[in-house]
Amino acid sequence: MRFNLHTKTRMRSDFKHQLGSLAESFDSLAHAVTVSDLSKPDHPLVYLNKAFTKMTGFGEEMLGHNCRFLQSDLENTEARAHIRTALEANGRCELVLKNRHRNGDEFYNMLLIDTVRGYKSLPPMAIGSQFDLGPEGVEQAADCAVYTTQSQSSFSVPLTVKMRLERRRLYADAVERMFRSWCTLKEVSSRS
Ligand code: FNR
């Protein structure tokens, strides 16, 4: 089936429209938030917030695409395998990937993904929180990547880095909880 531009734009903004005031809340956050539809081939993005556009330079024109477009020519072999395993297991993951900004600049992206399934009125989805580790983060990114995949208590990471990592986890958890609450309310209202 062929869609004209107007229909495509409408389809793309559909999920944001459904999210309503939650989309406004996500737009007010300083960190990037994305949602992918896991029921569709190649898990297309169905939502991205303003901070994602600020961080990457890409906006709603990327809805309908898999978020790997940020990797461009960068390999990220291990990290990608880690994400695929987490998505297949309906689990969560936390890692650091190399990504490229729209202008081609590389940056280290700390990515936290959680899967959200089990709602009859909604497709299975994944929600991601993304953080640009910034210029000073480049050197720390290797540590973060190890830190996130090894036993956290046994790995020696400077306290300031640990605190920043912890803060990002809290933000990502809060976003995930808000999203799950929204899904629950949506489910309840679809029954009544
Ligand atoms: C992703 N992925 C992703 N990748 C990336 O390089 N930068 C990002 O910001 C994101 N964000 C993101 C959010 C959400 C919600 C999901 C589900 C996934 C990962 C990417 O889409 C893909 O899953 C991985 O690249 C692994 O799959 P492939 O590329 O090996 O098929």
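What counts, and where the lines are drawn
- Numbers given to residues run from 1 along each chain, matching the order in which its sequence is written.
- Whole-chain, interface and lining totals are the exception, using all residues; otherwise, since this is a predicted model, local features are given only for residues with pLDDT of at least 70 and side-chain atom pairs are given and counted only at 80 or more.
- The basis for every side-chain value is the complete set of non-hydrogen atoms in the structure, without hydrogens or water.
- For Phe, Tyr and Trp, where Trp contributes only its six-membered ring, two rings pair if their centres lie within 6.5 Å, and the inter-plane angle classes them as stacked under 30 degrees, edge-to-face over 60, or tilted in between.
- Counting from the N terminus, the helices are DSSP H or I runs at least four residues long and the strands are E runs at least two residues long.
- Burial classification: accessible surface area is computed with a 1.4 Å probe over protein chains only, and a residue below 20% of its type maximum counts as buried, one above 50% as exposed, and the rest as partly exposed.
- A pair is scored as a salt bridge if a Lys or Arg side-chain nitrogen falls within 4 Å of a carboxyl oxygen belonging to Asp or Glu.
- Note on definitions. A residue lies near a molecule or strand when any single heavy atom of the residue is within 4 Å of it.
- The term polar contact refers here to a pair of N or O atoms within 3.5 Å; inside protein, the definition further demands a hydrogen-donor-capable atom paired with an acceptor-capable atom, and it admits residues adjacent in sequence only when both atoms are side-chain atoms.
- Only the protein chains shown count as cover for residues, and the accessible areas themselves come from Shrake-Rupley with a 1.4 Å probe.
- Three classes are used, and their members are as follows: Ala, Val, Leu, Ile, Met, Phe, Trp, Tyr, Cys and Pro are nonpolar, Asp, Glu, Lys and Arg are charged, and the others, Gly among them, are polar.

A.B. asks: Any chance you could explain the packing of aromatic side chains here in plain terms?
C.D. replies: In this description, an aromatic ring pair is defined by two values, namely the gap between the centres and the angle between the planes. For the coordinates displayed, the defined rule picks out four aromatic pairs. For the ring pair Phe 15 and Trp 182, a centre distance of 5.7 Å and an interplane angle of 80 degrees mean the geometry is edge-to-face. Linking Phe 15 in helix H1 (residues 5-19) with Trp 182 in helix H6 (residues 159-191), this pair joins segments that are 167 residues apart in sequence. A single burial state applies to Phe 15 and to Trp 182, both of which are buried. Aromatic ring contacts, followed pair by pair, group Phe 15, Phe 179 and Trp 182 into a single cluster.

A.B. asks: Can you walk me through the pattern of salt bridges in this structure?
C.D. replies: Charged atoms that come close allow side chains of opposite charge to pair. Per the counting criterion, the structure on display carries 16 salt bridges. Between Lys 16 and Asp 27 there is a salt bridge whose closest N-O contact spans 3.8 Å. Note that Lys 16 is positioned in helix H1 and Asp 27 in helix H2 (residues 21-27), a separation of eleven residues in sequence. Judged by relative accessible area, Lys 16 falls into the partly exposed class, the value being 29%. Looking at Asp 27, the relative accessible area reads 17%, which means it is buried. Close ionic contact of Arg 169 with Glu 94 constitutes a salt bridge, the shortest N to O distance being 2.7 Å. Of this pair, Arg 169 sits in helix H6 while Glu 94 sits in strand E3 (residues 92-100); the two residues are 75 residues apart in sequence, bridging distant segments of the chain.

A.B. asks: What's the story with the environment of Lys 120 in this structure? I'm lost.
C.D. replies: Structurally, the position occupied by Lys 120 is in the loop between strand E4 (106-116) and strand E5 (125-132). Along the sequence, Lys 120 and Glu 187 sit 67 residues apart, while their C-alpha atoms lie 7.1 Å from each other.

A.B. asks: Help me understand the site of the ligand, please; the structure alone is not making it clear to me.
C.D. replies: In the vicinity of the ligand, 19 residues are found, and the nearest of them are Asn 66, Arg 68, Arg 80, Arg 84 and Asn 99. Arg 84 is positioned with one of its side-chain polar atoms (N or O) 2.4 Å from an oxygen atom of the ligand. In this structure, an oxygen atom belonging to the ligand sits 2.9 Å away from a side-chain N or O atom of Asn 99. Taken by itself the ligand offers 620 Å² of open surface, and the protein chains cover 94% of this. Those elements giving two or more residues to the shell around the ligand turn out to be strand E1 (32-37), helix H4 (77-88), E3, E4 and E5. No other element matches the four residues that E5 contributes to the shell around the ligand. Among the residues forming the shell around the ligand, the class breakdown is eight nonpolar, eight polar and three charged.

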